[in-house]
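Descriptive analysis of the structure
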Amino acid sequence: MKKNNVYIETYGCQMNLADTEIVLGILQNYGYAITKEIENADVVLLNTCSIRENAEQRIYGRLGNIKTAKKDNPNLVIGVLGCMAERLRKDLIDEKKMVDVVVGPDEYRRLPELIDTAFGGEKGIGVRLSRTETYDDIVPYREEGLTAWLSVMRGCDKFCTFCVVPFTRGRERSRSLQSVVNEIEQLSGRGFKEVTLLGQNVNSYLDEKNDFADLLAACAEVDRSIRIRFTTSHPQDLSDKLLFTIAEHSNICNNIHLPVQSGSNRILKLMNRTYTIEHYLNLIDKARKIIPGVSFSTDIISGFPTETYEDHVMTLDILREVKYDGAYMFKYSAREGTKAYNMQDDVPDEIKTKRLQEIIELQQQISFKINQGLMGKEETILVEGFSRKSDKFLSGRSDTNKVVIIPFDEIIKQGDYAKIKINRATHATLFGELIEKIISEEKFALTA
Ligand code: SAH
Ligand code: SF4
Ligand code: F3S
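Residues numbered from 1 in each chain as written. Chains lettered and ligands numbered in written order. Predicted model: local features only at pLDDT ≥ 70, side-chain atom pairs only at ≥ 80, totals over all residues. Heavy atoms only, no water.

**A short note on helix H1 (residues 14–29)**
With 16 residues, H1 should reach 22 Å at 1.5 Å per residue; the first-to-last C-alpha distance of 23 Å fits that figure. Burial in H1 covers these residues: Met15, Asn16, Ala18, Asp19, Thr20, Glu21, Ile22, Val23, Leu24, Gly25, Ile26 and Leu27. The first or second residue beyond H1 is Gly31, which carries a positive phi of 110°. (Helix = DSSP H or I, 4+ residues; strand = E, 2+ residues; numbered from the N terminus. Expected span 1.5 Å × (residues − 1). Buried < 20%, exposed > 50% of the residue type's maximum accessible area, 1.4 Å probe, protein only.)

**A closer look at the site of ligand 1**
Around ligand 1, the surrounding shell holds 15 residues, and the nearest of these are Phe162, Gln200, Gln261, Asp299 and Ser333. Between ligand 1 and Arg52 there is a distance of 3.1 Å, counted from an oxygen atom to a side-chain nitrogen or oxygen. Contact between ligand 1 and Phe162: a nitrogen atom at 3.0 Å from a main-chain N or O atom of the residue. The protein chains hide 91% of the 540 Å² of surface that ligand 1 would expose on its own. Elements with a minimum of two residues in the shell around ligand 1: strand E15 (295–302) and strand E16 (326–331). For the shell around ligand 1, the per-class residue count stands at six nonpolar, four polar and five charged. (Near = heavy atom within 4 Å. Polar contact = N/O pair within 3.5 Å; in protein donor to acceptor, adjacent residues only side chain to side chain. Areas by Shrake-Rupley, 256 points an atom, 1.4 Å probe, with all protein chains shown as cover. Nonpolar A, V, L, I, M, F, W, Y, C, P; charged D, E, K, R; others polar.)

**Considerations on the side chain of Glu379**
Of note, Glu379 is situated in strand E17 (residues 378–386). With no salt bridge to any partner, buried Glu379 finds its closest opposite charge in Arg227, at an N-O distance of 6.9 Å. In contact with Glu379, other than residues within four places in its own chain, are Leu374, Ser398, Asp399, Ala418, Lys419, Ile420 and Ile422. (Lys, Arg positive; Asp, Glu negative; His and termini not counted. Salt bridge = Lys/Arg side-chain N within 4 Å of Asp/Glu carboxyl O. Contact = heavy atoms within 4.5 Å.)

**Let's talk about the pairing of strand E3 (residues 43–48)**
Counting buried residues along E3, six of its six residues qualify, which places the element largely inside the surrounding structure. Side chains of E3 alternate between two faces, with Val43, Leu45 and Asn47 and Val44, Leu46 and Thr48 buried alike. Where strand E1 (residues 5–10) lies against E3, five bridges are found, and the strand directions are parallel. Paired with Thr10 across the strands is Asn47, a residue of E3. Of the pairings in the sheet, the one linking E3 to strand E4 (residues 77–82) comprises six bridges and is parallel in character. Its bridge partner lying in E4, Thr48 is registered against Gly82. (Pairing = 2+ DSSP bridges.)

**Quick look at the domain arrangement of the chain**
Domain assignment breaks the chain into domain 1 (5–126) and domain 2 (378–443). With centres defined by C-alpha atoms, the gap from domain 1 to domain 2 works out at 38 Å. (Domains from an automatic or database assignment.)

**Observations concerning the environment of Phe368**
Within the secondary structure layout, Phe368 lies in helix H12 (residues 349–372). Assessed through its relative accessible area of 37%, Phe368 is described here as partly exposed. Not counting residues within four places of it along the chain, the set of residues in contact with Phe368 comprises Ala425, Thr426 and His427.

**A short note on the sheet that holds strand E21 (residues 429–438)**
Taken in spatial order, the five strands close into a barrel running E17-E18-E19-E21-E20, and their pairing is mixed. Averaged over all neighbouring strand pairs, the angle between strand axes comes to 50°, with direction disregarded. Here strand E20 (residues 417–425) pairs with E21 via eight bridges, running antiparallel. Within E21, the position partnered with Ile422 by the bridge is Gly432. (Axes fitted to C-alpha atoms, helices over the stretch in contact; angles between N-to-C directions.)

What follows is the structure in structure tokens.
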């Protein structure tokens, strides 16, 4: 019998990228073939994001296109997975009559059955959230490569007032430490060189007695030639033990994504972020003392309800004070069902845009200055392949997750570590020259 072909597109955060690999693992086990050509698909799935209104608009637009394809192939099954499935099931199925299958993040095990329901002419719906599902035992479908995403916990209990994630992903729960370690052993065997541990609040990971610091240490010990990254950390759970663990292991990257969201204590309180700016700055100071050379990145929301010009200036001040390597910056988008949705969305869109623009410009200046300061310095990079623009150059990433471009050199291949000297920098990219290749077979320490 001919295998059915499944095609999937992924939107949103890295958790969704990791979930797509779980979904493909489940479907492949059931006998599906995976296709990259939508024209060859029997099943088209969109793994979706609800974080801001424009994310959802984009997916509705895409669904419109795909529905036209259904005219040529009436048997095509169209499915929506992920956060929008959880949030908009009624709209997607009843009102817009757009899709055949709607499955939320905790019901992917039932996908084969629910797609079969759709092949049988009925709607396949699974949107229950679970307190225990972690897909611990599922082997994700991963193509060959160097870098892998690995979810170690799911859900979120923080309930920031602007955010849909606690509603679309449910309560916090962690995978077992042993299952994560086993997966990294497999990745090591396949030649992977970088693993990013994922969770909405990855540092609130807890498996019985093991906290996130224990997990990081165990992961780092599997294979010293594999770099370990992690995201996203919440300021509330950034313990001293975690900072010391990062400092102790040379293959745990010195880069912490620590969203601050706003520089104003009044706004942070309205957001239910559970920290003050003073506490946050203390954490940054402490981390810099414990982990020499640590870099930070952040998320910022501009135009949260009631945000005044003074609040906005405090956000600019915090960027100047911390000097983040980089930031993801967003305009506030009111989301139905969240607490902030009941507050008046009273900052006019033009003001949100203007403030966001100021935040972006300032951050670019700061990133540029930080990168200029790296000129003449040495960095260890993992070489990922040719640069996007030209095969006369190779592209890699530094310990602090910056893209570094070096001239092609035949002694270096993909997956090698190399010591390089920086000789030019923009706000987004570093350029350098090779000092020496680091022989990875030696399971070396990445930094001295
Ligand atoms: N769990 C992570 C990331 C959550 S989503 C954390 O706690 O930081 C990624 C980012 O999207 C958030 O950090 C926030 O800056 C932004 N975001 C979330 N909801 C938003 C909304 N309603 N409007 C605008 N930005 C939002
Ligand atoms: Fe959303 Fe806050 Fe949870 Fe992050 S910590 S996912 S912003 S509710
Ligand atoms: Fe989007 Fe869901 Fe991730 S809302 S950002 S895909 S957790």
